[in-house]
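One-letter residues, chain by chain:
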Amino acid sequence: MTCFNCGAENVDGSSVCINCGSNLGIDPRLNINNEGIKNSESVEQQLVEEPKINISQPINNQVVNSQANFDQQHINITTSPLNYLKFITAVLIKPFKYFKEEESRLCETKTSIILSLIVALGMVFIRLIETIFSTVFAKTLDPSTLTYKTTLDFGRLKNVQWGDLLGKNLLIYAGVVVGIALVYYILSLMFKKNANFIKMLSISATSIIPYILLGMIVSPIVGKIWFPLSIVSMFAGGIYSILIFVNLIDDAVLFDNVDTKIYFHLIGLTILGCVGYYLYIKLLESSVTNSINDLLNILG
């Protein structure tokens, strides 16, 4: 018979191994006690515990891999670029809702700057179209009848300073977007509130979008039909933009006291209103001066 301990061959019926002296009647692998009874509980535990190790390992790996894949997909979603055209269109319908949905992207510096440039370039493009139409379709004074008549003259376009027109307007409109955000950013710091300038820049650019549509596009068109409609459209665009701006700022800069929030907006809107009125008067004076010069040139 074979020894359970060392594997040496012994004569059948031997009780002790001739090689190592182990008791040939006890198999240590089966954990048999002196009475020859197998400790079944210990064996069952080994049989049950060993499969647990082999089975649980791949399951855990699958769980970890699934979580990693989910995290990677989530990162890819949040870092994907903003669909600017879709966002601008959606803001006109539900501005607060869509701004909150894209807030994580709009707080990124690159996205905020691109959105601000798109808004500024949009206003420059509208101003460019207005300049082309006002230049081509020019009103001239007929000395014989002392009445104005509209003439179509494409040759007048060569007199337009295109670089000056585009450059100045881009600086003006970009300065308006940045200036609004800067005023409220400084004001937030004065009220000892945590402020994110990049987010405020996105808020400023977003809130101007309705005014661009109603005040700069719709207003001149409906003005050709009935002038009061032009005024209504311009005011509607301005009020809509202000309401969007105030609500988005309220969500970005939190106040516990409602009265403090009222003073906050009172100061901010007053500053913006005064600066805006000053710039408007300057632009209006410049426009009137150009018109007078044109009239003098015609008479001369």
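The paragraphs below set out a description of the structure included in this document. (Residues numbered from 1 in each chain as written. Predicted model: local features only at pLDDT ≥ 70, side-chain atom pairs only at ≥ 80, totals over all residues. Heavy atoms only, no water.)

What about helix H7 (residues 197-225)?
Here H7 contains 29 residues, and its C-alpha end-to-end distance of 42 Å stays within 8% of the 42 Å for a straight helix at 1.5 Å per residue. Two or three places before Ile 198, at the start of H7, stands the capping residue Asn 196, its side-chain oxygen 3.1 Å from that residue's backbone nitrogen. (Helix = DSSP H or I, 4+ residues; strand = E, 2+ residues; numbered from the N terminus. Expected span 1.5 Å × (residues − 1). Polar contact = N/O pair within 3.5 Å; in protein donor to acceptor, adjacent residues only side chain to side chain.)

Some words on the side chain of Ser 219
Along the chain, Ser 219 turns up in helix H7. When its relative accessible area of 1% is taken as the criterion, Ser 219 is described as buried. Ignoring any residue separated from it by four or fewer positions in sequence, one finds Ser 219 in contact with Leu 214, Ser 230, Ser 233 and Met 234. (Buried < 20%, exposed > 50% of the residue type's maximum accessible area, 1.4 Å probe, protein only. Contact = heavy atoms within 4.5 Å.)

Considerations on the layout of surface pockets
The volume enclosed by the second largest pocket comes to roughly 300 Å³. Residue lining of the second largest pocket: 13 residues in total, with Ile 88, Gly 122, Ile 209, Ile 212 and Ile 217 positioned closest to the centre. Of all the secondary-structure elements, those providing two or more residues to the lining of the second largest pocket are helix H2 (84-91), helix H5 (109-136) and H7. By residue number, the principal contributor to the lining of the second largest pocket is H5, which donates five residues. Considering only residue class, the lining of the second largest pocket consists of eleven nonpolar, two polar and no charged. (1 Å grid on protein atoms, 1.4 Å probe; cavity = no way out; pocket = protein on both sides within 12 Å on 5 of 7 lines; lining within 4 Å. Points joined across faces, edges and corners; volume = space filled by probe spheres on them. Nonpolar A, V, L, I, M, F, W, Y, C, P; charged D, E, K, R; others polar.)

Points about the packing of H7 against helix H8 (residues 227-252)
Between H7 and H8, the least distance of the axes is 7 Å, while the angle of their chain directions is 170 degrees. On the basis of the axis angle, H7 is roughly antiparallel to H8. (Axes fitted to C-alpha atoms, helices over the stretch in contact; angles between N-to-C directions. Parallel < 35°, antiparallel > 145°, perpendicular 65-115°, else oblique.)

Observations regarding the pattern of salt bridges
Think of it this way: side chains of opposite charge can pair up when their charged atoms draw near. Inspection of every chain in the model, using the stated rule, returns six salt bridges. A salt bridge links Glu 130 to Arg 127; its shortest N-O distance comes to 2.6 Å. One end of the pair, Glu 130, and the other, Arg 127, are both in helix H5, three residues apart, so they sit about a helical turn from each other. Beyond isolated ion pairs, a larger network of salt bridges with shared partners links Lys 100, Glu 103, Lys 199 and Asp 251. (Salt bridge = Lys/Arg side-chain N within 4 Å of Asp/Glu carboxyl O.)

Overview of the packing of aromatic side chains
One pass over the full model with this rule turns up seven aromatic pairs. When the centroid spacing of 5.3 Å and the interplanar angle of 85 degrees are considered together, the rings of Tyr 184 and Phe 264 count as edge-to-face. Within this pair, whereas Tyr 184 is found in helix H6 (residues 162-190), its partner Phe 264 is found in helix H9 (residues 258-299), the two being separated by 80 residues in sequence. According to the relative accessible area criterion, Tyr 184 is buried, its value standing at 0%. Since its relative accessible area comes to 1%, Phe 264 is described here as buried. (Phe/Tyr/Trp six-rings, centres within 6.5 Å; stacked < 30°, edge-to-face > 60°.)

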